[in-house]
Amino acid sequence: DTFSPRWSPDGKDIAFQSDQDGDFDVYIIRANGKHLMQLTNVPGFDGEPDFSPNGKKILFSSSRTTGGDIYRMNLNGTHVKQLTKNAAAENSGSYSPSGKSIVFSRGNDLFTATSNGRRAHRLTTSPSPNADFGPNWQPKP
């Protein structure tokens, strides 16, 4: 299964999540279908990638920690950094157009934070079973 494709800002690459090796990991491929590269390879879920506006980093969610967190890495899968530290099933991160902030879902709600994961701010309060998830920060028209 392959999900969550995201174009790089320059349109040359596509990041996505796939379970082709048995569990979900983040991959990148050229837009022409060549040069497939697996960026993550740890037990558990890694997915829902999003390119930084300058195209140099990828934001992704991972269950490598308790409950799931948001991480950032270089385009070649190096320098993986945990941005959030909360066992509340965080997922679906997206960069702001400036790259200075991120938006992500945690539990049933949406939050913003600085691009390094600091100063999280709740945007929504959704009662269960309703949930706000899958944010995708779009540039202004």
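Use the structure listed above.
Computed from a prediction, not measured in an experiment: that's the story for all the values here.

Colleague: Got a minute to help me understand the overall build of the protein in this structure?
Modeller: Of regular secondary structure, the protein possesses zero helices and 12 strands. The order of α-helices and β-strands along the protein, N terminus first, is β-β-β-β-β-β-β-β-β-β-β-β. Of all 141 residues assigned to the protein, the portion counted as buried reaches 41%. Sequence separation of 24 or more characterises 26% of the internal contacts of the protein that already satisfy a separation of 6 or more. A total accessible area of about 7,700 Å² is found for the protein, and carbon and sulfur atoms account for 51% of it.

Colleague: Looking at this structure, I do not really get the sheet that holds strand β8 (residues 81-82). What am I missing?
Modeller: In any sheet, the strands associate via hydrogen bonds between backbone groups, in a parallel or an antiparallel arrangement. Ordered by their spatial adjacency, four strands build an open sheet running β5-β6-β7-β8, and the pairing between neighbours is antiparallel. The outermost strands of the open sheet, each flanked by one partner alone, are β5 (46-51) and β8. Sheet topology note: the strand β6 (residues 57-62)/strand β7 (residues 69-74) ladder contains six bridges and is antiparallel. Among the inter-strand pairings, S62 is bridged to a residue of β7, identified as D69.

Colleague: What is the right way to read the pairing of β7 from this model?
Modeller: Across a regular strand the side chains alternate sides, sitting on one face of the sheet and then on the other. Within β7, six of the six residues are buried, leaving the element largely enclosed by the surrounding structure. Residue alternation in β7 divides its side chains into two sets, D69, Y71 and M73 and I70, R72 and N74, and both sets are buried. Counting the residues between successive antiparallel strands, the hairpin from β7 to β8 contains six residues, one of them, G77, with a positive phi of roughly 90 degrees.

Colleague: I tried to follow the pairing of strand β11 (residues 109-114) on my own but got confused; where do I start?
Modeller: β11 sits mainly inside the fold: six of its six residues count as buried. In terms of strand pairing, strand β10 (residues 101-106) meets β11 through six bridges, oriented antiparallel. When the bridges of β11 are listed, V103 appears paired with T112. In sequence, β10 turns back onto β11 through a hairpin of two residues, with G107 there showing a positive phi of about 60 degrees. Bridging between β11 and strand β12 (residues 121-122) involves two bridges; their strand directions are antiparallel. When the sheet's bridge partners are listed, T112 is paired in β12 with H121. What sits between the antiparallel neighbours β11 and β12 is a turn of six residues, in which G117 has the positive phi angle 85 degrees.

Colleague: What am I meant to see in the sheet that holds strand β4 (residues 37-38) here?
Modeller: The four strands are arranged β1-β2-β3-β4 in an open sheet whose pairing can be described as antiparallel. The sheet terminates laterally at β1 (2-7) and β4, the two strands that pair on one side only. Where β1 lies against strand β2 (residues 13-18), four bridges are found, and the strand directions are antiparallel. Along β2, the bridge assignment pairs T2 with S18.

Colleague: Just checking my understanding: could you explain a positive patch on the surface for this structure?
Modeller: The grouping of K81, K85, R118 and R119 at the surface amounts to a positive patch. If you trace the backbone, R118 turns up in the loop between β11 and β12. Here R118 falls in the exposed class, since its relative accessible area comes to 54%.

Cut-offs used in this document
- Residues numbered from 1 in each chain as written.
- Predicted model: local features only at pLDDT ≥ 70, side-chain atom pairs only at ≥ 80, totals over all residues.
- Heavy atoms only, no water.
- Helix = DSSP H or I, 4+ residues; strand = E, 2+ residues; numbered from the N terminus.
- Buried < 20%, exposed > 50% of the residue type's maximum accessible area, 1.4 Å probe, protein only.
- Contact = heavy atoms within 4.5 Å.
- Areas by Shrake-Rupley, 256 points an atom, 1.4 Å probe, with all protein chains shown as cover.
- Pairing = 2+ DSSP bridges.
- Patch = residues over 30% accessible without salt bridge, like charges linked within 9 Å, V, L, I, M, F, W, Y side chains within 5 Å.
- Salt bridge = Lys/Arg side-chain N within 4 Å of Asp/Glu carboxyl O.
- Lys, Arg positive; Asp, Glu negative; His and termini not counted.
- Charge placed at Lys NZ, Arg CZ, Asp CG, Glu CD.

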